Amino acid sequence: MDNKQNPSNSRRAFVKTSAKAAIISAAGMPLMGALSSCESKKEEKKEEAKEVKPQVETFSQIALPYAFDALAPNIDAMTMEIHYGKHHAGYVKKLNAAVQKDQIGGSLEAILANVSQYSTAVRNNGGGHYNHNMFWQVMSPNGGGVPTGKLAAAIDQAFGSFEEFKAQFSKAAATRFGSGWAWLVKNGTQLSIGSTPNQDNPLMDVAEIKGTPLLNLDVWEHAYYLNYQNMRGSYIENFWKVVNWEEVSKRFES
């Protein structure tokens, strides 16, 4: 038999090879299409993630509305300087670090309303920042006396008299065990008094008392210890001499 390859066998081999190539090519086309589609979806998801990335706010202290010594002798200058420049400033710095780390967007009020979803750092420092920003505003060198107008009427309706309101608020501040805050809040048309531990406040979804804050009093020791030592009661009594009722009324009416 001739050693040369039979032409008919050669043709059959060519046909078989071509058929296999066609099958492989056909099978590969949907696979490549699927891979391409998968990559496309990944890119789309990346773009969507970029679009919904929250805008993280940078928070800052309000400017103190008066000089450090303006509330003396009821609150001394050194206490005010340390309280505002060290304690409050520290809360703001740590809050900004916490929201940047966790990429939390939105206003401070919105964050506090859902604070149970966030870290302890956000809760403590977010509350510390909000509470102090408010505290500086509800005091004034020209404060004291009694409220007037719609706020005075609402206090009389809720508590019977201003003196009774003052007594209940002072008790809430005096009996807050450890560190915390006393509050007057508005919930709908109702006024109520309560206290919160640490840096919690009535805007938080974890708060013991809820509502719109109208008046607050810091009963952490750093707020009064330099001047009053362990006499929290004296600090509370003198607080009434600097309450900015005009600011409290604005908060009530808004």
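Here the structure is a predicted model, which is why all the values come from computation and not from measurement.

Engineer: Can you walk me through the overall build of the protein chain in this structure?
Structural biologist: Secondary structure assignment for the protein chain yields nine helices and three strands. Mapped in sequence order, the helices and strands of the protein chain form the string α-α-α-α-α-α-β-β-β-α-α-α. Counting the 254 residues in the protein chain, one finds 40% classified as buried. Put simply, 69% of the contacts in the protein chain that link residues at least 6 apart link residues at least 24 apart. A total of about 14400 Å² of accessible surface is found on the protein chain, and carbon and sulfur atoms cover 54% of it.

Engineer: Please explain the nonpolar core as it appears in this structure.
Structural biologist: A general trend in soluble globular proteins is that nonpolar side chains are found buried together. Ranked by size, the top nonpolar core spans 59 residues in total, and within it F165, L215, L217 and F239 carry the most contacts. Here the element with the most residues in this core is helix α2 (residues 77-102); it accounts for six residues. Residues in contact with F239, not counting those within four places in the same chain, are F135, M139, F169, L215, N216 and L217.

Engineer: Explanation requested: the packing of helix α6 (residues 162-174) against helix α8 (residues 232-239) in the structure shown.
Structural biologist: Two packed helices can be described by the angle between their axes and the distance between those axes. Interaxial distance between α6 and α8 falls to 10 Å at its minimum, and their mutual angle equals 145°. When you trace α6 past α8, the crossing you get is right-handed. Touching K166, F169, S170, A173 and A174 of α6 are R232, I236, E237 and F239, all from α8. Its residues placed into classes, the contact of α6 with α8 shows five nonpolar, one polar and three charged.

Engineer: Looking at this structure, I do not really get the side chain of H88. What am I missing?
Structural biologist: Considering the arrangement of structural elements, one finds H88 in helix α2. The buried category is assigned to H88, whose relative accessible area is 0%. Within the structure, the side chain of H88 is placed 3.2 Å from the side chain of Q61, a separation counted as a polar contact. Dropping the residues within four chain positions of it, H88 is found in contact with Q61, H83, G128, H129, H132, N133 and W136.

Engineer: Please clarify how the pattern of salt bridges should be interpreted in this entry.
Structural biologist: Side chains that differ in sign of charge can pair as their charged atoms come close. Counted according to the given criterion, the structure contains four salt bridges. The salt bridge involving D200 is made with R123; its shortest N-O contact spans 2.7 Å. Taken together, the residues D200 in the loop between β2 (190-197) and β3 (212-218) and R123 in helix α4 (residues 120-137) connect sequence positions 77 residues apart. For D200, a relative accessible area of 6% puts it in the buried group.

Engineer: Can you help me understand the environment of N244 in this one?
Structural biologist: Within the fold, N244 resides in the loop between α8 and α9 (245-253). When its relative accessible area of 17% is taken as the criterion, N244 is described as buried. As for N244 and Q137, which are separated by 107 residues in sequence, their C-alpha atoms are 7.4 Å apart. If we ignore the near neighbours within four places in the chain, the residues touching N244 are Q137, V138, M139 and S140.

About the thresholds
- Residues numbered from 1 in each chain as written.
- Predicted model: local features only at pLDDT ≥ 70, side-chain atom pairs only at ≥ 80, totals over all residues.
- Heavy atoms only, no water.
- Helix = DSSP H or I, 4+ residues; strand = E, 2+ residues; numbered from the N terminus.
- Buried < 20%, exposed > 50% of the residue type's maximum accessible area, 1.4 Å probe, protein only.
- Contact = heavy atoms within 4.5 Å.
- Areas by Shrake-Rupley, 256 points an atom, 1.4 Å probe, with all protein chains shown as cover.
- Core = buried A, V, L, I, M, F, W, Y, C linked by side-chain atoms within 4.5 Å.
- Axes fitted to C-alpha atoms, helices over the stretch in contact; angles between N-to-C directions.
- Left-handed = near helix turned anticlockwise from the far one by under 90°.
- Nonpolar A, V, L, I, M, F, W, Y, C, P; charged D, E, K, R; others polar.
- Polar contact = N/O pair within 3.5 Å; in protein donor to acceptor, adjacent residues only side chain to side chain.
- Salt bridge = Lys/Arg side-chain N within 4 Å of Asp/Glu carboxyl O.

By themselves, these are just geometric observations and shouldn't be taken as functional.
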